[in-house]
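# Results of the structural survey
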Amino acid sequence: MNRLLLAAYPAPYRARHGDELLGCLAEAYPGRSWPPPREVAALVGVGVRARARAVADDPARPWWLDGVQLAALVLAALALVPYLQDVWHWALRIDPGEHAIAFHFAGWYPWADGPTRTRLLPYGLLPLVCLVALVRGRAWIALPASAAMIYAGATYGSSTLFGDEGKAGLGYYGLGAPLTARDLVLSGTLCAACAFLAVCRTGRLRRHAYGLLVPVALALFLAGQLHVTAISPAFQRGLFAVEVAGLLAAWVATAATGDRRWLIPVAAYAFVRLQAIVLRPGGFMGSLPDLVVLLLLIAPLPALAVAAQRRQRRTLFELP
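This one's a predicted model, so the numbers in the text were calculated from it and none came from an experiment. Position numbers for residues start from 1 in each chain and track the written sequence from start to end. The predicted origin of the model limits local features to residues at a pLDDT of at least 70 and limits the giving and counting of side-chain atom pairs to 80 or more, whereas totals for whole chains, interfaces and linings rest on all residues. Side-chain measures were taken over the full set of non-hydrogen atoms in the model, leaving aside hydrogen atoms and water.

## Describing the overall build of the chain
Inclusion rule: A helix here means a DSSP run of H or I that spans at least four residues, while a strand means a run of E at least two residues long, and both kinds are numbered starting from the N terminus. For every residue, the accessible area obtained with a 1.4 Å probe (protein chains only) is divided by the maximum for its type, and the residue is called buried under 20%, exposed over 50%, and partly exposed between those limits. By the convention used here, residues are in contact when the closest approach between their heavy atoms is within 4.5 Å. Surface accessibility in these figures is a Shrake-Rupley result with a 1.4 Å probe; residues are shielded only by whichever protein chains are displayed.
Within the chain, the secondary structure is distributed over 13 helices and 0 strands. Taken from N to C terminus, the helices and strands of the chain fall in the order α-α-α-α-α-α-α-α-α-α-α-α-α. The buried share of the chain, taken over its 320 residues, is 44%. Sequence separation of at least 24 residues holds for 75% of the intrachain contacts in the chain that already meet a minimum separation of 6. As displayed, the chain has an accessible area near 16000 Å², and 66% of this comes from carbon and sulfur atoms.

Below, the structure is given as structure tokens:
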């Protein structure tokens, strides 16, 4: 189990120091397959900082290009979350019946029988295609998928290609008000980021390993197999924890490197979230106080900027 901790570190670090780290853990905690939680947190934190330094020291692409690609990845994942269960059921040809989330209980798949209109594809396929394409650095594939998201949201109620189910009411709350397919700010911002990346030479984009999609596959399985929906309080609190962990990781990476690339995805995320709150001030889930949510959205931007500035000053003082 200790080898799982090595996944937090970049590949060159694992090649040079992986065996040494495993040996130290085996010596410090004999007979244990997993170190204490405090040690796990410390090792993961060091791994995140090592990965951040490896990314910041990579001269193959400018920092702002990496930042826009990260922002597009965050927005694509944000758009996919409400439809995890829908995509899983569609891919495996499962009619969820009474477990359907804000959909009609029958007739919403081409192969299902029922009195309601059917649709050809689930809307969640669009952000999923966009996410996979961005992971592999294929902005020219992500761009039409994100443009189709705008079309699907703009033609709500008048098209059966993606149908009208899931676009009107329930969506992903997380840190703030609900986001549905009809929220064109989310899809529009994602499309703008993909267009910017497509205009740039796509060969310069970072190509992540397919292993980055493992958490996505796990989320699809959990949402579909366990019928976990985006309106479940447990689901919302779990996503809240994931989002806070992501913001903390961005702060750690910025503080370790002084690089400002992580400001871009955090800014894009905060922009999409805040506009949803402004448009639907009464749309909070109620699991957290409104002021806490607003502070969690606004505070990371100045915190990251200050962390980057302090790190840059420290680097200047450390130079001979």
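Additional details are given in the paragraphs that follow.
## A look at the environment of Arg61
Inspection of the secondary structure puts Arg61 in the loop between α3 (37-56) and α4 (63-80). Arg61 sits in the buried class, given a relative accessible area of 14%. Separated by 144 residues in sequence, Arg61 and Leu205 place their C-alpha atoms 7.3 Å apart.

## Regarding a nonpolar patch on the surface
This is how it is decided: Patch membership needs two things, relative accessible area over 30% and no salt bridge, and members are linked within 9 Å if like-charged or within 5 Å if nonpolar (Val, Leu, Ile, Met, Phe, Trp, Tyr). One speaks of a salt bridge when a side-chain nitrogen belonging to Lys or Arg is within 4 Å of a carboxyl oxygen belonging to Asp or Glu.
Together, Leu218, Phe221, Leu222 and Leu226 make up an exposed nonpolar region whose accessible area comes to about 370 Å². Tracing the backbone through its elements, the reader meets Leu222 in helix α9 (residues 214-225).

## Let's talk about the packing of aromatic side chains
Keep this limit in mind: The criterion for an aromatic pair is that two Phe, Tyr or Trp rings (for Trp, the six-membered ring) have centres within 6.5 Å, with stacked assigned to planes under 30 degrees apart, edge-to-face to planes over 60 apart and tilted to the rest. Either the NZ atom of lysine or the CZ atom of arginine qualifies as a charge over a ring when it sits within 6 Å of the ring centre and within 35 degrees of the ring normal.
This model, assessed by the stated rule, comprises 3 aromatic pairs. Plain terms: the ring middles of Trp64 and Phe196 are 6.0 Å apart, the flat faces sit at 70° to each other, and that makes the pair edge-to-face. In this pair, Trp64 is assigned in helix α4 and Phe196 in helix α8 (residues 184-199), connecting sequence segments 132 residues apart. Both rings, one in Tyr83 and one in Tyr123, keep their centres 5.1 Å apart while their planes meet at 70°; by these two values the pair is edge-to-face. On the criterion of sequence distance, the pair formed by Tyr83 in the loop between α4 and α5 (84-91) and Tyr123 in the loop between α5 and α6 (125-135) is long-range, its members being 40 residues apart. Comparing Tyr83 with Tyr123, the two get one shared label, buried. Looking at Arg136, its charged tip hangs above the ring of Tyr210, at a distance of 4.4 Å from the centre. The ring of Trp262 carries the charged tip of Arg261 above its face, separated from the ring centre by 5.8 Å.

## Focus on the nonpolar core
Most often, soluble globular proteins have nonpolar side chains that are buried together. Using the following cut-off: Side-chain atoms within 4.5 Å are what join buried Ala, Val, Leu, Ile, Met, Phe, Trp, Tyr and Cys residues into a set we call a nonpolar core.
Grouped together as the largest cluster of nonpolar side chains are 45 residues, with contacts concentrated most on Tyr123, Cys130, Leu134, Leu186, Leu190, Leu197 and Val216. Taken together, the elements giving at least two residues each to this core come down to α4, α5, α6, α7 (139-154), α8, α9 and α11 (263-279). Considering each element in turn, this core owes the most residues, 10 residues, to α4. In this structure, Leu5, Tyr9, Leu22 and Val40 belong to the second largest nonpolar core, which totals 10 residues.

## Quick notes on the pattern of salt bridges
Under the defined criterion, the tally for this structure stands at 3 salt bridges. Of the charged contacts in the structure, one is a salt bridge between Asp259 and Arg261, with a shortest N-O distance of 2.9 Å. With respect to burial, Asp259 and Arg261 carry one shared label: buried. What emerges from the salt-bridge pattern is a single network uniting Asp66, Arg206, Asp259 and Arg261.

## Let's talk about the environment of Arg182
Mapped onto the fold, Arg182 is located in the loop between α7 and α8. C-alpha separation for the pair Arg182 and Ala152, spaced 30 residues apart in sequence, amounts to 7.9 Å.

## Describing α11
Selection criterion: In this scheme, a helix's expected span is set at 1.5 Å multiplied by one less than its residue total.
If you check α11, its first and last C-alpha atoms are 24 Å apart, about what 17 residues at 1.5 Å a residue would give, namely 24 Å. Along α11, the residues classified as buried are Leu263, Pro265, Val266, Ala268, Tyr269, Ala270, Val272, Arg273, Gln275, Ala276 and Ile277.

## Some remarks on the confidence of the model for the chain
Here is the rule we go by: The quantity known as pLDDT measures the predictor's confidence residue by residue, on a range of 0 to 100.
Looking at the chain, pLDDT values average 76 and 76% of them are 70 or higher. Note that residues 103-107 has pLDDT below 50 and, in this model, 19 contacts with residues that lie over four places away or in other chains. Taken together, the stretch residues 165-170 has pLDDT below 50 and engages in 21 contacts with residues farther than four places along the chain or on a different chain.

## Let's talk about the packing of α6 against α7
Stated precisely, the cut-off is as follows: Each axis is a line fitted through C-alpha atoms, taken for helices only over the stretch in contact, and angles between the N-to-C directions span 0 to 180 degrees. Note that the term roughly parallel is reserved for angles under 35 degrees, roughly antiparallel for angles over 145, roughly perpendicular for angles of 65 to 115, and oblique for everything else. Here a crossing is called left-handed whenever its near helix is offset anticlockwise from the far helix by less than a right angle, and right-handed whenever the offset is clockwise. Lys, Arg, Asp and Glu make up the charged group, whereas Ala, Val, Leu, Ile, Met, Phe, Trp, Tyr, Cys and Pro make up the nonpolar group; the residues left over, Gly among them, are polar.
Two elements in contact, α6 and α7, have axes separated by 8 Å at closest approach and are oriented at 160°. By the criterion of interaxial angle, the relationship of α6 to α7 is roughly antiparallel. By crossing handedness, the relation of α6 to α7 is classed as left-handed. In this structure, α6 contributes Leu126, Pro127, Val129, Cys130, Ala133 and Leu134 to the contact, and α7 contributes Ile141, Ala142, Ala145, Ser146, Ala148, Met149 and Ala152. Residues belonging to the contact of α6 with α7 are distributed by class as follows: 12 nonpolar, 1 polar and no charged.

## Remarks on α8
For α8, which comprises 16 residues, the first-to-last C-alpha distance of 22 Å matches the rise-based estimate of 22 Å (1.5 Å per residue) to within 8%. Where α8 is concerned, the buried positions are Leu186, Ser187, Thr189, Leu190, Cys191, Ala193, Cys194 and Leu197.

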